Amino acid sequence: MKHGKGTFCPSVPLKMAIFKKSLRYWNVFPSGGNYFEVRSGFEAYKVDIENQSCTCRSWELCGYPCLHACATFYSFHISPESKVSFYFKKSMFVEAYKDNILPLNGSNMWEVTSYTKPLPPKDRKMPGRPSVKRKRHVSEKNDKYATSRVITCKNCFEIGHNIRSCKNPKQVLPPQETKRKGRPRTVDESERRSRKSRSSRGAKGGGIGRARGSLGNNVQEETQQMLVQEMQQTKETMEQVLETQADVDAEMVHETQSIKDLRESGYTEDEIARCVAAEHTEDDEEEGIDETQPQVTIKKRRPSERIAKLGKKIDGLGSASENPLAIE
């Protein structure tokens, strides 16, 4: 301490260096006389240089200027170390420790007195259920994280190490009995074999076992035939529906084109509707459709016949004898 540099103890310059790094965030505003306001955002403190005080109370408690006082001193180009308390000087430290500190005896050398010895406090019953486990010492093994895992070596099949650290010769594991799947049988093995032999005898003798087998085969064949027939019927029905749909589409296209040609020829909408209705009535009479009875069968018509009939209607619109809608 005597041969160190500086006037103060080493801790004070270190504190001043730390404060100096944060001075750029603080602004100093004079308030008249020896009072200053040091502000950083919403934080503000009042510094009194003459009385060496700050509202943060760090200057009064520690004995050296706080961060806000250092900001005030640096704004006026004054060294803060000039305001540090003299208790932090080297001369004061040397004065405090210049004399030797005398040694002391231990408690075994104390004088025995006639006063009552101090007793420990009374035991107080704590709330809750008391613990039954013994309090273990720090050196004892804690069973909190103990596991029951057992390591088995795959090389020599011994317990306590693994194959990486094994130094024993390789051992061959004896074959183990394969466990049968499923739950264990309740019937005795001899009784099960007798049942199996009786069933095989009945099947070989041509009695009930053979009759049951032939009956099952016949039922299976009949079922397969029925399924094949149903599939064929379904296929035929689908073909009929597709063919009918194609005919209907062709009729609709031809009828739409015919109506378009009639409109271009100059016929009115009423005349065109009457012509189409008459043509539909004639087609129904030719096919013999009864509107009162529900139609069950699928109606199949050739699109060529439908187109030819509607074409004759369009071609014959000019004659009054064939069509009453002809224009005079």
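Reading the values: the criteria
Residues numbered from 1 in each chain as written. Predicted model: local features only at pLDDT ≥ 70, side-chain atom pairs only at ≥ 80, totals over all residues. Heavy atoms only, no water. Salt bridge = Lys/Arg side-chain N within 4 Å of Asp/Glu carboxyl O. Buried < 20%, exposed > 50% of the residue type's maximum accessible area, 1.4 Å probe, protein only. Phe/Tyr/Trp six-rings, centres within 6.5 Å; stacked < 30°, edge-to-face > 60°. Helix = DSSP H or I, 4+ residues; strand = E, 2+ residues; numbered from the N terminus. Pairing = 2+ DSSP bridges.

Undergrad: Got a minute to help me understand the pattern of salt bridges in this structure?
TA: When the charged atoms of two side chains lie near each other, side chains of opposite charge can form a pair. On inspection of all chains with the given rule, the structure shows two salt bridges. The partner of E37 in a salt bridge is R39, with the nearest N and O atoms 2.8 Å apart. We classify R39 as partly exposed; its relative accessible area is 32%. Of the charged contacts in the structure, one is a salt bridge between E95 and K98, with a shortest N-O distance of 2.8 Å. Taking relative accessible area as the criterion, K98 reaches 51% and is therefore assigned exposed.

Undergrad: Explain the packing of aromatic side chains to me, please; I cannot follow it from the model alone.
TA: The relative placement of two aromatic rings is captured by the distance of their centres and the angle of their planes. The final tally for this structure, using the stated rule, is six aromatic pairs. Consider the rings of W26 and Y45, whose centres lie 6.0 Å apart with planes at 50 degrees: the pair is tilted. Taken as a pair, W26 in the loop between α1 (11–21) and β1 (27–30) and Y45 in strand β3 (residues 43–48) lie far apart in primary sequence, 19 residues in all. Judged by relative accessible area, which is 24%, Y45 ranks as partly exposed.

Undergrad: So what exactly am I meant to see when it comes to unusual backbone geometry here?
TA: A negative phi angle characterises most non-glycine residues, just as the trans form characterises most peptide bonds. Here R57, not a glycine, exhibits a phi torsion of approximately 65 degrees, which is positive. Residue class for R57 comes out exposed when judged on its relative accessible area of 53%.

Undergrad: Teacher, can you tell me more about the pairing of strand β2 (residues 35–40) here?
TA: Two faces, one strand: in a regular strand the side chains alternate between the faces of the sheet. The sheet contact formed by β1 and β2 spans four bridges and is antiparallel. Bridge assignment links F29 to a residue of β2, and that residue is E37. Taken together, β1 and the strand that follows it, β2, pair antiparallel across an intervening segment of four residues, in which G32 is found at a positive phi of about 100 degrees.

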